[in-house]
Amino acid sequence: MSQEKPLILIANDDSIYSKGIRVLVEIMSEIGEVVVVAPDTHQSGMGHAITLGSPLRVSKTSDFGSNILSYKCSGTPADCVHIALTGLLDYKPDLVVSGINNGANMGDDTIYSGTVGAAMEAYLMGIPAIAFSQVERGWTYIEDAAEKAKQLVTTLMQDSKINDAPWLVNVNIPNRPLSQMGEVKLTRLGRRHPAQSYITQESPRGETMYWIGAAGPALDDADGTDFHATATGHVSITPLHVDLTDHANLGYWAQTAARLNVPTGAGAP
């Protein structure tokens, strides 16, 4: 590692062949020493899944030119980061960057997102991580989104955040020219309505096939949420953690736990 540039591991869920990761690798190479480990197929919606029941295939690629060390992996986004950090690389990256995803990862989406899953795996292994997504699908203004990602990482470097304790942030960037993007807003996750109904289709052999329905519309898109920020043209940054404990209701459940510990028949009227 050079003293001037951080070591940056890049992953995604749209596959190593996606436009989002290509522009991200190019722009991150301007400020860091980049290595890529990404899925060899589309892995959207895989969340934080890791592969335990079958082996993974990992091979070097030349997809990013001779100056960028890159690997493609047959597993999930989290697999890619896990493999990279448990032996594939002979050093520990300073930062893991995932994306740029083709479409938003906001609110409930973060539970399903392979983009966030890759970043979360890095966080669990003690490395700062960022998940980058564009709000709309289709890659419009993707170069502008990459430039905004570079600005954010550069600021984190200047603030010595990359050398700090591990953290995890989720960033959603509107599909706009850089000059027309609003301010960066610190946000909380919004919420969605339940997903729309599944869709059925008949196979050529007369079997019924099921497609997962579209995500539900925003339920909580109030001021302060990621939905609200991006809807008004701003860049949303949401700090995340992995503690799913319902701290606010521990007291409520303590009553039930206490009753469960009463011997059978005790205290009966």
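The notes below deal with the structure included here. Bear in mind the structure is a predicted one, so any value in this text is a computation, not a measurement.

Here we look at the state of the cysteines
Enumeration over the complete set of coordinates arrives at zero disulfides. C73 carries a free sulfur, and the closest cysteine sulfur to it, the one in C80, is 4.1 Å from it. For C80, a relative accessible area of 0% translates into the label buried.

Looking at unusual backbone geometry
A cis amide bond links G99 to the next residue, I100, at an omega of -5°. The topology assignment puts I100 in strand β5 (residues 95-101). The phi angle at Y141 is positive, at roughly 60°, despite the residue not being glycine. Within the secondary structure layout, Y141 lies in the loop between β6 (129-134) and α5 (142-158). The backbone of S160 shows a phi angle near 60°, a positive value even though the residue is not glycine.

Some thoughts on the packing of aromatic side chains
Here the structure, examined in full by the defined rule, presents one aromatic pair. Taking 5.2 Å as the distance between ring centres and 85° as the angle between the ring planes, the aromatic pair formed by Y252 and W253 counts as edge-to-face. The residues Y252 and W253 share a single accessibility class, namely exposed. The lysine or arginine in question, R22, covers the ring of F64, its NZ or CZ lying 5.4 Å from the ring centre.

Things to note about the side chain of T225
For T225, the position within the fold is in the loop between β12 (218-220) and α6 (226-231). Overall, T225 belongs to the buried group, its relative accessible area being 1%. A distance of 3.1 Å separates a polar side-chain atom of T225 from the backbone nitrogen of H228.

A look at the sheet that holds β6
The mixed open sheet is built from nine strands, whose spatial order is β3-β4-β2-β1-β5-β6-β7-β13-β8. The sheet is open, and its two edges are formed by β3 (58-61) and β8 (184-186), each paired on a single side. For this sheet the average axis-to-axis angle between neighbouring strands, irrespective of direction, equals 25°. Two strands pair when backbone bridges link them, and β6 and strand β7 (residues 168-173) are joined in this way by six bridges, in the parallel orientation. Looking at the pairing, A131 lines up with N170 of β7.

Here is what the cut-offs are and how they apply
Residues numbered from 1 in each chain as written. Predicted model: local features only at pLDDT ≥ 70, side-chain atom pairs only at ≥ 80, totals over all residues. Heavy atoms only, no water. Disulfide = S-S within 2.5 Å. Buried < 20%, exposed > 50% of the residue type's maximum accessible area, 1.4 Å probe, protein only. Helix = DSSP H or I, 4+ residues; strand = E, 2+ residues; numbered from the N terminus. Phe/Tyr/Trp six-rings, centres within 6.5 Å; stacked < 30°, edge-to-face > 60°. Lys NZ or Arg CZ within 6 Å of the ring centre and 35° of its normal. Polar contact = N/O pair within 3.5 Å; in protein donor to acceptor, adjacent residues only side chain to side chain. Pairing = 2+ DSSP bridges. Axes fitted to C-alpha atoms, helices over the stretch in contact; angles between N-to-C directions.

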